[in-house]
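Letter by letter, the chains look like this.
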Amino acid sequence: MAIIEAINIKHKYHDGTLALQGVKLCVYSGELLAVLGPNGSGKTTVLKHLIGLLKPSEGEVILEGKPLKKYPSKEVFQKVGMVFQDPNDQLFAPTVWEDVAYGPSNLGLEKDEVERRVEESLELTGMSHCAQKGVNALSFGQKKRVCIAGALAMKPEILLMDEPTCGLDPSGVNNLMSLLKELNNLRGLTIVMSTNCVDLVPVYMDRLAIMHQGAILKVGNPEEVFSEEDIIKQASLDLPQVAQLMHILRNKDNVPMDKLPLTVSQARDFLAQRITGNTSRLNVA
Ligand SMILES: Nc1ncnc2c1ncn2[C@@H]1O[C@H](COP(=O)(O)OP(=O)(O)O)[C@@H](O)[C@H]1O
Ligand SMILES: [Mg+2]
């Protein structure tokens, strides 16, 4: 079922830039959806429309069956949370605790409930030990986690993440993506994540939408979308690295393959079977 949907939204910024040229995007309840596109393709602009920070020049956003513009913004912010690309644009309170408490306090919740939410959100994001720390004393990765904690403290149904892995080191990327997966599994949180990192998508995401020049070129699961080589090229993207290797083996070295392995795990299964004839690991994630 669609939890939130963009119906042919167009957006023109004040300087005349037509950033969205009629975006159609349906987000299903409980899914992990990537909006994948190069810089400037309109990812941030789309996410800001899904939480009502930007209004479409044409078209509309439907949240749980009702036009977003009909909701009071307080209600939207309870249903939809957004984590910005740069945590420094989001954090503003002196300490971690105060920052995470800001949203729920503004909802007018009881002090106990605010405390419960802050504790729980810091726990979920692994940041409890930094509760009293100044936000300026945090590492970049820790700041990102505090931003996620702040969004979770609002108990949203949908979490929008704008390029969440940008600026993180490799272990930071894996930790953050595992956290998103866990939040999705544990809480059934619907997550829409913008990214230009193709490698992450088949490992962590259920579906992806390819964006290019303010339009969505294709939406589907990773197998469906990454089999459309022309669309990937048109969007100035590459296949995931593993898939590039497997693609060369298939197309240049004539190694027969029914479908292109997209992840290390899928490629390992395929190659192990070819080399050893052993199928014992097949279909193991
Ligand atoms: N505040 C703004 N004013 C004018 N143009 C903007 C503004 N923000 C973004 N744009 C333009 O809109 C287009 C899409 O930008 P954006 O949504 O930030 O893309 P992405 O997030 O994919 O990098 C780009 O051409 C960008 O220059
Ligand atoms: Mg962006």
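Residues numbered from 1 in each chain as written. Chains lettered and ligands numbered in written order. Predicted model: local features only at pLDDT ≥ 70, side-chain atom pairs only at ≥ 80, totals over all residues.

(A) View of the packing of helix 3 (residues 96-106) against helix 5 (residues 140-152). At a minimum axis distance of 7 Å, the contact between helix 3 and helix 5 shows a crossing angle of 30°. Where helix 3 crosses over helix 5, the two elements pack in a sense that is right-handed. On the side of helix 3, the interface is formed by Val-96, Asp-99, Val-100, Tyr-102 and Gly-103, while helix 5 contributes Val-146, Ala-149 and Gly-150. (Axes fitted to C-alpha atoms, helices over the stretch in contact; angles between N-to-C directions. Helix = DSSP H or I, 4+ residues; strand = E, 2+ residues; numbered from the N terminus. Left-handed = near helix turned anticlockwise from the far one by under 90°. Contact = placed C-beta atoms within 7 Å.)

(B) Examining the sheet that holds strand 8 (residues 190-195) more closely. Pairing is mixed across the open sheet formed by 6 strands, whose spatial order is 6-7-8-3-9-10. Looking along the sheet, the strands with just one partner apiece sit at the ends: strand 6 (80-83) and strand 10 (215-220). Taken over all neighbouring pairs, the strand axes of this sheet differ in orientation by 15° on average, direction set aside. Bridge count between strand 9 (residues 207-212) and strand 10: 5 bridges; the pairing is antiparallel. Paired with His-212 across the bridge in strand 10 is Ala-215. (Pairing = 2+ DSSP bridges.)

(C) Seen up close, helix 3. Listed as buried for helix 3 are Val-96, Trp-97, Asp-99, Val-100, Ala-101, Gly-103 and Pro-104. Where the residues of helix 3 are buried, they touch helix 4 (111-124) and helix 5. Phi turns positive one or two residues past the end of helix 3, at Gly-108, with a value near 80°. (Buried ≥ 20, exposed ≤ 12 C-beta atoms within 10 Å, placed from the backbone.)

(D) Layout of the domain arrangement of the protein. Segmentation of the protein into domains returns domain 1 (2-89 + 155-235) and domain 2 (239-285). The interface is formed by 9 residues belonging to domain 1 together with 8 residues belonging to domain 2. Of all the secondary-structure elements, those providing two or more residues to the side of domain 1 that touches domain 2 are helix 7 (200-204) and helix 8 (222-226). Its residues assigned to classes, the side of domain 1 that touches domain 2 comprises 6 nonpolar, 1 polar and 2 charged. (Domains from an automatic or database assignment. Nonpolar A, V, L, I, M, F, W, Y, C, P; charged D, E, K, R; others polar.)

(E) Quick peek at the site of ligand 1. With respect to spatial proximity, the complete set of residues near ligand 1 consists of Tyr-13, Asp-15, Thr-17, Ala-19, Gly-37, Asn-39, Gly-40, Ser-41, Gly-42, Lys-43, Thr-44 and Thr-45. Among the elements that line the shell around ligand 1, the one with the most residues is helix 1 (residues 43-50), at 3 residues. (Near = placed C-beta within 6 Å.)

(F) How the structure looks around the packing of helix 3 against helix 4. Close contact between helix 3 and helix 4 brings their axes to 9 Å; oriented N to C, the two are set at 130°. The orientation of helix 3 with respect to helix 4, classified from their angle, is oblique. Crossing hand, helix 3 versus helix 4: right-handed. Counted together, Trp-97, Val-100, Ala-101, Pro-104 and Ser-105 of helix 3 and Val-114, Arg-117, Val-118, Ser-121 and Leu-122 of helix 4 form the full contact between these two elements. (Parallel < 35°, antiparallel > 145°, perpendicular 65-115°, else oblique.)

(G) The sheet that holds strand 4 (residues 58-63), seen in detail. Strand order across the open sheet formed by 4 strands is 2-1-4-5, with antiparallel pairing between neighbours. Two strands in the sheet have a free side with no partner beyond their single neighbour: strand 2 (18-28) and strand 5 (66-67). Looking at chain direction, strand 1 (residues 2-12) and strand 2 are connected through 8 bridges and run antiparallel. Residue pairing across strands places Ile-4 opposite Val-27, the latter belonging to strand 2. The strands touched by helix 1 within the sheet are strand 1, strand 2 and strand 4, with strand 1 carrying the most contacts at an inclination of about 125°.

(H) Inspection of unusual backbone geometry at higher detail. With a phi close to 45°, Glu-64 is a non-glycine residue in the positive phi region. Within the secondary structure, Glu-64 is located in the loop between strand 4 and strand 5. Since 15 C-beta atoms lie within 10 Å of it, Glu-64 is described here as partly exposed. Positive phi, close to 45°, is recorded for Gln-213, a residue that is not glycine. Tracing the backbone shows Gln-213 in the loop between strand 9 and strand 10.

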